[in-house]
Amino acid sequence: MSDDGGHLVEDCIFCKIIRGEIPSFKVFEDDQTFAFMDINPINPGHALVIPKFHAENLYATPDEWFGPTMATVRRVATAVDKVVQPEGMNLLQANGPGAKQSVFHLHMHIIPRSADDGATMNWELVPGDMDAIGALAEEIAAAVE
Ligand code: AMP
Ligand code: ZN
């Protein structure tokens, strides 16, 4: 009998980490969230925050789990900032293979950064086509539920 309220699944590496079936470098845990170090860090201090609710991605995550997840992100990112004292910090969250998602249990990356760390998430600011941006904004605004 599991004590996870039926929110976790068997065959998921992050659900297994929450249950303690796979070891992790835990940095914080509360009723709804779990935070641990990424074992393939982009930079020292790279951490992950997950809800104790198995949802594949952002779209499948209920607000009542996403809100607490972001509260833990803020809390843990503040601790990482204090300890690592990086030049900056990026939060990242991948949805789908095209975004290089590799673990299909929602997770927020906390990534300490420096301007010259060579991480490939940097892009130059190139002004877009304002008509195209405006047209998409209308479509997206109408699709918000
Ligand atoms: P993503 O590519 O956004 O799905 O990120 C998945 C992240 O999970 C990667 O950065 C991996 O390094 C990390 N990861 C995978 N397995 C583990 C694990 N057992 N412990 C800690 N981090 C992991
Ligand atoms: Zn899971």
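Attention in this report is confined to the structure presented alongside it. (Residues numbered from 1 in each chain as written. Chains lettered and ligands numbered in written order. Predicted model: local features only at pLDDT ≥ 70, side-chain atom pairs only at ≥ 80, totals over all residues. Heavy atoms only, no water.)

**Structural notes on the environment of Ile-13**
Part 1: Relative to the helices and strands, Ile-13 resides in helix 1 (residues 13-19).
Part 2: What makes Ile-13 partly exposed here is its relative accessible area of 43%.
Part 3: Discounting chain neighbours no more than four positions away, the residues touching Ile-13 are Ile-22 and Val-103. (Helix = DSSP H or I, 4+ residues; strand = E, 2+ residues; numbered from the N terminus. Buried < 20%, exposed > 50% of the residue type's maximum accessible area, 1.4 Å probe, protein only. Contact = heavy atoms within 4.5 Å.)

**Notes on the coordination of the zinc ion (ligand 2)**
Part 1: Taken together, Cys-12 (SG), Cys-15 (SG), His-54 (ND1) and His-105 (ND1) make up the full set of protein donors to the zinc ion (ligand 2), lying 2.1 to 2.3 Å away.
Part 2: Taken together, the four donor atoms surrounding the zinc ion (ligand 2) define angles of 105 to 114° at the centre, an arrangement classified as tetrahedral.
Part 3: Mapped onto the sequence, the residues coordinating the zinc ion (ligand 2) show the spacing C-x2-C-x38-H-x50-H. Highlighted residues: Cys-12 in the segment before helix 1 and His-54 in the loop between strand 3 (47-51) and helix 2 (63-84), separated in sequence by 42 residues. (Donors = N, O, S within 2.8 Å, 3.2 Å for Na, K, Ca; no water. Tetrahedral: all angles 85-135°; square planar, octahedral: opposite > 155°, others 65-115°.)

**A short note on the layout of surface pockets**
Part 1: Here the largest pocket defines a volume of roughly 610 Å³.
Part 2: Mapped onto the lining of the largest pocket, the elements with two or more residues apiece are helix 1 and strand 2 (33-37).
Part 3: Residue contributions to the lining of the largest pocket peak at three residues, all from helix 1.
Part 4: In terms of residue class, the lining of the largest pocket is made up of 15 nonpolar, eight polar and two charged.
Part 5: One number sums up the size of the second largest pocket: a volume of about 150 Å³. (1 Å grid on protein atoms, 1.4 Å probe; cavity = no way out; pocket = protein on both sides within 12 Å on 5 of 7 lines; lining within 4 Å. Points joined across faces, edges and corners; volume = space filled by probe spheres on them. Nonpolar A, V, L, I, M, F, W, Y, C, P; charged D, E, K, R; others polar.)

**Let's talk about the site of ligand 1**
Part 1: The immediate surroundings of ligand 1 are formed by 16 residues, with Asp-38, Asn-40, Lys-100, Ser-102 and His-109 found nearest.
Part 2: Here an oxygen atom of ligand 1 and a backbone polar atom of Ser-102 are 2.6 Å apart.
Part 3: A distance of 2.8 Å is found between an oxygen atom of ligand 1 and a side-chain nitrogen or oxygen belonging to His-109.
Part 4: Isolated, ligand 1 exposes 500 Å² of accessible area, and the fraction of that covered by the protein chains is 85%.
Part 5: Put simply, ligand 1 lies in the largest pocket.
Part 6: Broken down by secondary-structure element, the contributors of at least two residues to the shell around ligand 1 are helix 1 and strand 2.
Part 7: By residue number, the principal contributor to the shell around ligand 1 is helix 1, which donates three residues.
Part 8: In terms of residue class, the shell around ligand 1 is built from nine nonpolar, five polar and two charged. (Near = heavy atom within 4 Å. Polar contact = N/O pair within 3.5 Å; in protein donor to acceptor, adjacent residues only side chain to side chain. Areas by Shrake-Rupley, 256 points an atom, 1.4 Å probe, with all protein chains shown as cover. Sits in = over half its atoms within 2 Å of the grid points.)

**Re the packing of aromatic side chains**
Part 1: Counted under the stated rule, the structure contains three aromatic pairs.
Part 2: When the centroid spacing of 5.3 Å and the interplanar angle of 80° are considered together, the rings of Phe-14 and Phe-36 count as edge-to-face. Of this pair, Phe-14 sits in helix 1 while Phe-36 sits in strand 2, and the two are 22 residues apart along the sequence.
Part 3: Among the residues examined, Phe-14 registers a relative accessible area of 6% and is labelled buried.
Part 4: A centroid spacing of 5.8 Å and a plane angle of 55° characterise the contact between Phe-34 and Phe-36, whose relative ring orientation is tilted. Phe-36 carries the same exposure label as Phe-34, and that label is buried.
Part 5: Here the aromatic residues Phe-14, Phe-34 and Phe-36 are joined through ring pairs into a cluster of three or more. (Phe/Tyr/Trp six-rings, centres within 6.5 Å; stacked < 30°, edge-to-face > 60°.)

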